[in-house]
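# What the coordinates show
Now for the letters of each chain:
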Amino acid sequence: AQTLKERLAELIPAEIENVKATRAEHGKKSFGPVLVDQLYGGMRGLPALIWDGSVLDADEGIRFRGKSIPEIQQALPKAPGGSEPLPEGLFWLLLTGEIPTQEQVTALSKDWAARSSLPSFVEEILDRCPPTLHPMSQFSLAVTALNHDSAFAKAYQQGISKKEYWQPTFEDAMDLIAKLPNIAGRIYRNVYGGGKLPAIDADKDYSYNLANLLGFADKPDFVELMRLYITIHSDHEGGNVSAHTGKLVGSALSDPFLAFGASLNGLAGPLHGLANQEVLIWLRKMQSKIGENASDDAVREYVWSTLKAGQVVPGYGHAVLRKTDPRYMAQREFALKHLPENPLFKLVNQVYNIVPGVLLEAGKAKNPWPNVDAHSGVLLTHYGLNQMNFYTVLFGVSRAFGVASQLIWDRALGAPLERPKSYSTEAIKKIFKDK
Ligand code: NMX
Ligand code: MLT
């Protein structure tokens, strides 16, 4: 069967022409005005980046290469006996826009298994981290250190031509994704115990291996959860903090390990990926304050107390979305199928029925609905993965798929150094004085 790299090599020349033609036809057209408020307001809504893997619609949510989450759940290859999509297939789709065959997906699982081992100095870095160092900081350290063996950095030093950049970037991207289960598993076992890491099984898929390294492969539903989890967290267009950071750093021709290490540092912020940790901490605090099986009124009052304390309700709101996140819905479907009676799932539902009303009444949040992070913790904890400060590591494993695929395309299409223009408040006042 044709490999992913061979297929990409076929697609790249046509896409270079496609971009040229698009720029020739539309390049001089204005893409809406820029408001001064957008400079101060985190560039919300500013059209500023090209990102091919996925596009986010405010009402409908994410589409991966034009396909919604229910569509990819249906179309992507599954593991034998499984019903969730394999993330291997999602990566193929993100890179090529095409649904791979079962055979191609199996070949990708094998390729990643073959690339999965860590250099021993990276294992030592992780083993020396104090268990009190946040798992995301350990994750970022290890990914950054993988730059030691970057094919791109080496090829660049040897004077590789611009036209060939995508090839070593592809190799680094594949190595990066392949090595993440070993990094995540090692951090998990170092920090929380659980004994020696098992070896990667070349006959099993990526998510099975990840689950096995974490110590949960004896629970087939957890393995299925990992397949769904990695698929849906992979990409959320290009403007979110982790994706944009990876693209920005990559634009300096920093290799994929350096670029994705930077992504992880952004994902580790509580307004971004760390929110999945924060949600569970918040739910547990609520339970200890108002008890389990609390009334709607008690939950409502707790939500108000969070807002009155000047804190955000984690897992709710979004910079782009204006409806319930379809990634939340996909996880809810999973919970309804596998853990309908779980008490924490019932609390998540109760919160879902109460928080939007409170946020609307409070009148500040532009989107009162839940995002992806409002639901992931309850699924993980159901299977015994209770260590909340590990949750964002799983988000990070998944986000590598989206960031890595765009990095490959950016190098293939010759994306330039990112360097937008900034202004001081003094300059803004001067420029707009009489306008
Ligand atoms: N709880 C309380 N206040 C909120 C919330 C919330 N969940 N969401 C927005 N607001 C506030 C926000 O803090 C801001 O207040 P102020 O004017 O005092 O600065 C105001 O509402 C307007 O913010 P928005 O324009 O609605 O939201 P923005 O685009 O700036 O930020 C988030 C988006 C996601 C950062 C924000 O909704 C938030 O902080 N949510 C909670 C954290 C979270 O769940 N993050 C995860 C997002 C998904 N991910 O994985 O990255
Ligand atoms: C993401 O998945 O990156 C988050 O939903 C945040 C975003 O899209 O801004």
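Residues numbered from 1 in each chain as written. Chains lettered and ligands numbered in written order. Predicted model: local features only at pLDDT ≥ 70, side-chain atom pairs only at ≥ 80, totals over all residues. Heavy atoms only, no water.

To keep things clear, this is the line we draw: UniProt positions are given in the numbering used here, feature names are shortened, and annotations may be inferred rather than shown by experiment.
You'll find the protein chain entered in an unreviewed UniProt entry as Citrate synthase, with Lentinus brumalis given as the organism. We quote the UniProt Sequence similarities (unreviewed entry) comment for the protein chain here in full: "Belongs to the citrate synthase family."

### Here's the deal with the pattern of salt bridges
Stated precisely, the cut-off is as follows: One side-chain nitrogen of Lys or Arg within 4 Å of one carboxyl oxygen of Asp or Glu is enough to make a salt bridge.
Inspection of the entire model under this criterion finds 21 salt bridges. A salt bridge links K346 to E341, with the shortest nitrogen-to-oxygen separation between them at 2.9 Å. Through salt bridges with shared partners, one network takes in K5, D111, R115, E171 and D175.

### Observations regarding helix α10 (residues 206–214)
What counts, and what does not: Accessibility here uses a 1.4 Å probe with only protein chains present; expressed as a share of the type maximum, an area under 20% marks a residue as buried, one over 50% as exposed, and anything in between as partly exposed. Helix numbering and strand numbering both begin at the N terminus, where a helix is a DSSP run of H or I of at least 4 residues and a strand a DSSP run of E of at least 2. Contacts are residue-level and defined by heavy atoms, with any inter-residue pair within 4.5 Å sufficient.
Judged by how many residues are buried, α10 sits mostly within the fold: 9 of 9 residues are covered. Looking at the packing, one finds that the buried side of α10 touches α4 (87–96), α5 (102–114), α9 (166–192), α11 (220–233) and α19 (391–412). Directly after α10, the chain includes G215, whose backbone phi takes a positive value near 95°.

### Some points on the site of ligand 2
Just so we agree on the cut-off: Throughout, near means a residue has at least one heavy atom within 4 Å of the molecule or strand. Here a polar contact means two N or O atoms within 3.5 Å. Within protein one must be a hydrogen donor candidate and the other an acceptor candidate, and residues neighboring in sequence count only if both atoms are side-chain atoms. With residues, only the protein chains shown are counted as cover, and all accessible areas are computed by Shrake-Rupley using a 1.4 Å probe. Gly counts as polar in this scheme, as do all residues outside two lists: the nonpolar Ala, Val, Leu, Ile, Met, Phe, Trp, Tyr, Cys and Pro, and the charged Asp, Glu, Lys and Arg.
Taken together, the neighbourhood of ligand 2 is formed by H236, N240, H272, H318, R327, F395 and R399. Here an oxygen atom of ligand 2 sits 3.4 Å away from a polar atom, N or O, in the side chain of N240. Between ligand 2 and the protein, one listed contact pairs an oxygen atom with a side-chain N or O atom of R327 at 2.7 Å. Look at ligand 2: alone it shows 260 Å² of surface, and the protein chains cover 85% of it. Grouping the amino acids of the shell around ligand 2 by side-chain chemistry returns 1 nonpolar, 4 polar and 2 charged.

### Quick word on the UniProt feature "active site" (unreviewed entry) in the protein chain
When the UniProt feature table is mapped onto this chain, "active site" (unreviewed entry) is found at H272, H318 and D373. With the annotated positions falling across 102 residues, the maximum pairwise C-alpha distance of 10.7 Å places them together in a single cluster. Tracing the sequence through the fold places H318 in the loop between α15 (296–308) and α16 (326–338). Judged by relative accessible area, H318 falls into the partly exposed class, the value being 24%. Among residues more than four places away in sequence, those in contact with H318 are L56, H236, R327, N367 and N371. At a separation of 2.9 Å, a polar atom in the side chain of H318 contacts the main-chain amide nitrogen of V320. Along the chain, D373 falls in helix α18 (residues 373–382).

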